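Below are the chains, spelled out letter by letter.
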Amino acid sequence: MGKLFGTDGIRGEANKYPMDAKMAFSVGQALTRVLKEEGLEGNVVVGKDTRISGYMLEGALEAGITSMGGSVQITGVLPTPGIAYITESMRADAGIVISASHNPFQDNGLKIFSGDGYKLSDEEEARIEELILDNELESMVPHPREMGRARRLIDAIGRYVVFLKSTFPRELSMHGFKVVLDVANGATYQVAPAVFRELGAELLVIHDEPDGFNINDNCGSQHTQDLRVKVLETGAQLGLAFDGDGDRLIAVDEHGQEITGDQILMICANQLKKEGRLANDLLVTTVMSNLGLRIACEEAGFHHHASKVGDRYVLEDMKRLGAVIGGEDSGHMIFLDRHTTGDGIVAALQLVAAMLRSGLPLSKLATQMDVYPQKLINVDVTSKPPVESLPELVEAIARVEEELHGKGRVLVRYSGTQNMCRVMVEGPTVESTERYAAEVADIVRRLIG
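Residues numbered from 1 in each chain as written. Predicted model: local features only at pLDDT ≥ 70, side-chain atom pairs only at ≥ 80, totals over all residues. Heavy atoms only, no water.

Draft legend 1. Just the pairing of strand β2 (residues 43–48), in detail. For β2, the tally of buried residues reaches 6 of 6 residues, placing the bulk of the element in the interior. Neither face of β2 is left uncovered, since the one carrying N43, V45 and G47 and the one carrying V44, V46 and K48 both have all their residues buried. Alignment of β2 against strand β3 (residues 71–77), held across 6 bridges, turns out to be parallel. Considered in β3, the bridge of V45 is made with Q73. Since β2 and β3 lie parallel, the crossover through helix α2 (residues 54–67) that links them has a hand, and here it is right-handed. (Buried < 20%, exposed > 50% of the residue type's maximum accessible area, 1.4 Å probe, protein only. Helix = DSSP H or I, 4+ residues; strand = E, 2+ residues; numbered from the N terminus. Pairing = 2+ DSSP bridges. Right-handed = clockwise from strand over helix to strand, strands pointing away.)

This is the structure we're talking about:
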């Protein structure tokens, strides 16, 4: 058995190791044990997205936590950042999210927040792994008198809606502002429409009938085709697409054009700069961000830092460097002056605020950044050897970068959550970018596919 935790918790195909009921039970026990070793009571918030497997994993977590003497507060379906908020605001000791984010319904995952609403530390994750993989838990269970209880937190959605509304400037109004929401048949299907309606928006919501199987299915932040059509049909000023667990946002402008995460970050960072709230004049993104973002930051007069891929690394660098805004081109955005973690709805509200304050349409605001041609190819792989250990691949990357003459780049990295290698190429033209990406991806496929 290998390491359980990846870059974003434990993830895998539901009902199979490591994402089965036995593992969820063990995680519940191990987390509670770690909390008690830290002198805490073991009060844990548990929430989930809309996947069918969430019922199984929720019950197993509840059993594991209570068997080790912890108490459970169950929120039911709530976005990942909502669990982080409830955990911190209820002064719980930890929160567990049952979700595989943007993955298809057959996958699921467990993501753990500490009591302050931030991701669990590497040391705590390592201790949980140790307890599970070394089979230490069975000898640690308490007497039946010391077992815990569970209760359902029936007002979790209302609490989170109130919090989200508080992040939108009180002096602004959405009355008459027409918005289309794509909630991906996922965890935002109740919360996001409630927030925008209560703020006065004229609203159309699509993909809001989850059935346990249709989460992220040709909808949401990774598939905006339906959203683009609806924005044009309704004459909306804006389309907003969330992913299955609600921590990502991708937007569509009034002309039906998709606006990337990088562009949204640029718009919001510029607005913060104008308001004097861009701490340390800094925007933090990742090495996967478009070249155009770095150039746009220079032109706007603030700094840009590129961290490793993964929201936990973005957050670490934001805290270390004193930044209040950061994120990924995929739409995962963190506004640290508003929340402790990436939140798609918070990001959406900041984008709307920037539109209202500027009086400009989204298409115009998006021109603050030129998007360089970029091609990303995901290659399924059977193993993940270090890239530098594959001479043919290293040579191909060096050759392409030399041919780009400094007007592009090649980035090859493995997914932290899937058996996949991501090949990303940026270049001066669409044709050259796609050709070079295909060449490198073919080599990856042949060597380890």
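Picking up where we left off.
Draft legend 2. Just the nonpolar core, in detail. Grouped together as the largest cluster of nonpolar side chains are 67 residues, with contacts concentrated most on F196 and L240. Looking at this core element by element, the count peaks at 10 residues for helix α11 (residues 344–358). With residues up to four places along the chain from it excluded, the contact list for L240 reads V179, V180, L181, D182, F196, L227, L249, I250, A251, A348 and L351. Core analysis: the next-biggest nonpolar cluster, separate from the first, contains 31 residues, I10, V72, I96 and L120 among them. (Core = buried A, V, L, I, M, F, W, Y, C linked by side-chain atoms within 4.5 Å. Contact = heavy atoms within 4.5 Å.)

Draft legend 3. Structural context of the sheet that holds strand β9 (residues 238–242). The strand order β8-β7-β9-β10-β11 describes an open sheet built from 5 strands, whose pairing is mixed. Among the strands making up the open sheet, the edge pair consists of β8 (202–206) and β11 (258–259). Along the sheet face, α11 touches β9 and β10 (249–252) and points at about 165 degrees away from the line of β9. (Axes fitted to C-alpha atoms, helices over the stretch in contact; angles between N-to-C directions.)

Draft legend 4. View of the sheet that holds strand β17 (residues 409–414). As summarised here, the arrangement of the 3 strands in space is β16-β18-β17, forming an open sheet in which the pairing is antiparallel. The open sheet has two edge strands, β16 (374–380) and β17, and neither has a second partner. Looking at each pair of strands side by side, their axes are set apart by 15 degrees on average, direction ignored. Across the face of the sheet, helix α14 (residues 430–448) comes into contact with β16, β17 and β18 (420–426) while running at roughly 15 degrees to β16.

Draft legend 5. Fine view of the layout of surface pockets. Roughly 1300 Å³ of internal volume is contained in the largest pocket. What lines the largest pocket is a set of 42 residues, among which R248, M288, S330, L376 and R422 lie closest to the centre. Those elements giving two or more residues to the lining of the largest pocket turn out to be α8 (261–274), β16, β17 and β18. By residue number, the principal contributor to the lining of the largest pocket is β16, which donates 4 residues. A breakdown of the residues in the lining of the largest pocket according to their chemical character gives 11 nonpolar, 19 polar and 12 charged. (1 Å grid on protein atoms, 1.4 Å probe; cavity = no way out; pocket = protein on both sides within 12 Å on 5 of 7 lines; lining within 4 Å. Points joined across faces, edges and corners; volume = space filled by probe spheres on them. Nonpolar A, V, L, I, M, F, W, Y, C, P; charged D, E, K, R; others polar.)

Draft legend 6. How the structure looks around empty space enclosed by the protein. Inspection of every chain in the model, using the stated rule, returns 3 cavities of 30 Å³ or more. In this structure, the largest cavity encloses a volume near 120 Å³. Together, 13 residues line the largest cavity, and C268, Q271, L272, R277 and Q350 are the ones closest to its centre. When contributions to the lining of the largest cavity are tallied by element, the ones reaching two or more residues are α8 and α11. The leading source of residues in the lining of the largest cavity is α11, at 4 residues. Residues of the lining of the largest cavity, tallied by class, amount to 6 nonpolar, 2 polar and 5 charged. Space inside the second largest cavity adds up to approximately 40 Å³.

Draft legend 7. Layout of the pattern of salt bridges. The full count for this structure, using the stated rule, is 34 salt bridges. One continuous salt-bridge network, built from bridges that share partners, spans D8, R11, K111, K119, D245, D247 and D311. (Salt bridge = Lys/Arg side-chain N within 4 Å of Asp/Glu carboxyl O.)

Draft legend 8. Spatial organisation of the packing of helix α13 (residues 391–404) against α14. α14 packs onto α13 with a crossing angle of 175 degrees between their chain directions and a minimal axis gap of 10 Å. Considering their axes alone, α13 and α14 lie roughly antiparallel with respect to each other. From α13, E392, L393, A396, R399, V400, E403 and L404 reach across to α14, where they touch Y436, E439, V440, I443, V444, R446 and L447. (Parallel < 35°, antiparallel > 145°, perpendicular 65-115°, else oblique.)

Draft legend 9. Focus on unusual backbone geometry. Cis geometry is found at the peptide bond from Y17 to P18, where omega equals 5 degrees. Along the chain, P18 falls in the loop between β1 (10–13) and α1 (21–37). At N185, a position not held by glycine, the phi torsion is positive, near 50 degrees. Along the chain, N185 falls in the loop between β7 (178–182) and α6 (191–198). Note on N185: relative accessible area 5%, which makes it buried.

Draft legend 10. Examining the side chain of Q29 more closely. Locating Q29 in the fold gives a position in helix α1. According to the relative accessible area criterion, Q29 is buried, its value standing at 7%. Each residue touching Q29, except ones within four places of it in the same chain, is listed here: G64, I65, S67, M68, L137 and V141.

Draft legend 11. A look at the packing of aromatic side chains. On inspection of all chains with the given rule, the structure shows 4 aromatic pairs. Taken together, a centroid distance of 4.3 Å and an interplanar angle of 15 degrees make the contact between Y85 and F163 stacked. Taken together, the positions of Y85 in helix α3 (residues 80–89) and F163 in helix α5 (residues 156–166) put the pair 78 residues apart, joining distant regions of the chain. Its relative accessible area of 11% is what places F163 among the buried residues. Aromatic side chains F105 and F213 sit 5.3 Å apart centroid to centroid with 80 degrees between the ring planes, which places their arrangement in the edge-to-face category. (Phe/Tyr/Trp six-rings, centres within 6.5 Å; stacked < 30°, edge-to-face > 60°.)

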